[in-house]
Amino acid sequence: ALTVETAVAEPWIGDTARDLIAGSFAGVAQLVVGHPFDTIKVKLQNMPTPLPGQPPLYTGALDATRQTIAAHGPLALFRGMSAPFAFVSLFNALLFATYGASQKAARALRATPPEAPLPLADHFACGFATGAVATAISAPTELLKCRLQADPAAFRG
């Protein structure tokens, strides 16, 4: 029978599967918490330059948030989230798994036992490999998300 004690004493799930599950949950949490801030950042970045003597569209992040909620409701802060939401669990799961696989490879190259800490240079190399994978995968979704946040009327769905 699976209990907390047996799950801790005898791992019933492999390291890669654990990385995939943890990455999925981390990605969803990251998106739900961070997306409203990202929406406001994109609104501020895409704010038109005011004509001489005219006030800017937003005076700052709080004003942009207030105006967005007043004009479109609080769900407007989550506009453009559907594209990354469909992707973020898989993306973060892949990142966690890539980092875990990189650590295993580094341990194998150095014949380092699993309980021994890796040298800082190996952590750097594992992070570099994970970052390369992240960059190659995330650029297209980030572009779509920013376009949806900047001009939601341009896209439907």
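Criteria and thresholds
- Residues numbered from 1 in each chain as written.
- Predicted model: local features only at pLDDT ≥ 70, side-chain atom pairs only at ≥ 80, totals over all residues.
- Heavy atoms only, no water.
- Helix = DSSP H or I, 4+ residues; strand = E, 2+ residues; numbered from the N terminus.
- Buried < 20%, exposed > 50% of the residue type's maximum accessible area, 1.4 Å probe, protein only.
- Expected span 1.5 Å × (residues − 1).
- Arc of directions from axis to C-beta.
- Contact = heavy atoms within 4.5 Å.
- 1 Å grid on protein atoms, 1.4 Å probe; cavity = no way out; pocket = protein on both sides within 12 Å on 5 of 7 lines; lining within 4 Å.
- Points joined across faces, edges and corners; volume = space filled by probe spheres on them.
- Nonpolar A, V, L, I, M, F, W, Y, C, P; charged D, E, K, R; others polar.
- Bend = angle between axes of the 7 residues up to and from the residue.
- Patch = residues over 30% accessible without salt bridge, like charges linked within 9 Å, V, L, I, M, F, W, Y side chains within 5 Å.
- Areas by Shrake-Rupley, 256 points an atom, 1.4 Å probe, with all protein chains shown as cover.
- Salt bridge = Lys/Arg side-chain N within 4 Å of Asp/Glu carboxyl O.
- Axes fitted to C-alpha atoms, helices over the stretch in contact; angles between N-to-C directions.
- Parallel < 35°, antiparallel > 145°, perpendicular 65-115°, else oblique.

Asks: Lay out the environment of Phe-25 with the relevant residues and their values.
Replies: Residue placement: Phe-25 occurs in helix H2 (residues 15-45). On the accessibility criterion, Phe-25 (61% relative accessible area) is exposed. Taking the C-alpha atoms as reference points, Phe-25 and Asn-92, 67 residues apart in sequence, are found 8.4 Å from one another.

Asks: Describe in detail helix H3 (residues 61-72), supporting the description with residues and values.
Replies: End to end, H3 covers 16 Å across 12 residues, agreeing with the expected 16 Å (1.5 Å per residue, within 8%). Within H3 the residues assigned to the buried category are Asp-63, Ala-64 and Thr-68. For H3, the arc enclosing every buried residue in end-on projection is 130 degrees, short of the 170-degree limit, so these residues lie on one face. Away from its buried face, by an angle of more than 90 degrees, H3 presents the exposed residues Leu-62, Arg-66 and Ala-70. Buried residues along H3 sit in contact with H2. Gly-73 sits one or two residues past H3 and shows a positive phi near 90 degrees.

Asks: For the environment of Leu-62, give the residues involved together with the corresponding values.
Replies: Note that Leu-62 resides in helix H3. Residues Leu-62 and Ile-40 lie 22 residues apart in sequence; the distance between their C-alpha atoms is 8.7 Å.

Asks: Tell me about the layout of surface pockets, residues and numbers included.
Replies: Counted as a void, the largest pocket has a volume near 240 Å³. If you go around the largest pocket, you meet 14 residues; those closest to its centre are Gln-30, Leu-31, Val-88, Glu-142 and Lys-145. Counting only elements with at least two residues in the lining of the largest pocket, the list comes to H2, helix H4 (82-110) and helix H5 (120-150). Each residue belonging to the lining of the largest pocket can be placed in one class, and the counts come to five nonpolar, six polar and three charged.

Asks: Provide a residue-level description of H2, including the pertinent values.
Replies: The largest bend along H2 measures about 45 degrees and falls at Gly-34, with the proline Pro-36 one to four residues further on. Within the sequence span of H2, burial applies to Gly-23, Gly-27, Leu-31, His-35, Pro-36, Asp-38, Thr-39, Ile-40, Val-42 and Lys-43.

Asks: Report on a nonpolar patch on the surface, specifying residues and quantitative values.
Replies: A cluster of nonpolar side chains, contributed by Val-32, Val-33, Phe-37, Leu-75, Phe-78 and Phe-85, occupies part of the molecular surface with about 620 Å² of accessible area. Counting residues per element, the nonpolar patch draws most heavily on H2, at three residues. Checked against the element boundaries, Leu-75 lands in the loop between H3 and H4.

Asks: Please provide a residue-by-residue account of the pattern of salt bridges, values included.
Replies: When their charged atoms lie close together, side chains carrying opposite charge are able to pair. All told, the structure shown has three salt bridges when counted by the stated rule. Among the salt bridges present, the one from Arg-18 reaches Asp-15, with a minimum N-O distance of 3.7 Å. Of this pair, Arg-18 and Asp-15 both sit in helix H2, three residues apart, which is roughly one turn of that helix. A residue is classified by how much of its surface remains accessible, and Arg-18, at 38% relative accessible area, is partly exposed. You can call Asp-15 partly exposed: its relative accessible area is 42%. Residue Asp-122 is joined to Arg-110 by a salt bridge in which the shortest nitrogen-to-oxygen separation is 2.5 Å.

Asks: Quick rundown of the packing of H2 against H3? Include the residues and the values.
Replies: Running from amino to carboxyl end, H2 crosses H3 at an angle of 105 degrees, the nearest separation of the two axes being 10 Å. Overall, the two elements H2 and H3 adopt an arrangement that is roughly perpendicular. Between H2 and H3, the residues in contact are Ile-40, Lys-43 and Leu-44 and Ala-61, Ala-64, Thr-65 and Thr-68, respectively. For the contact of H2 with H3, a count of residues per class yields four nonpolar, two polar and one charged.

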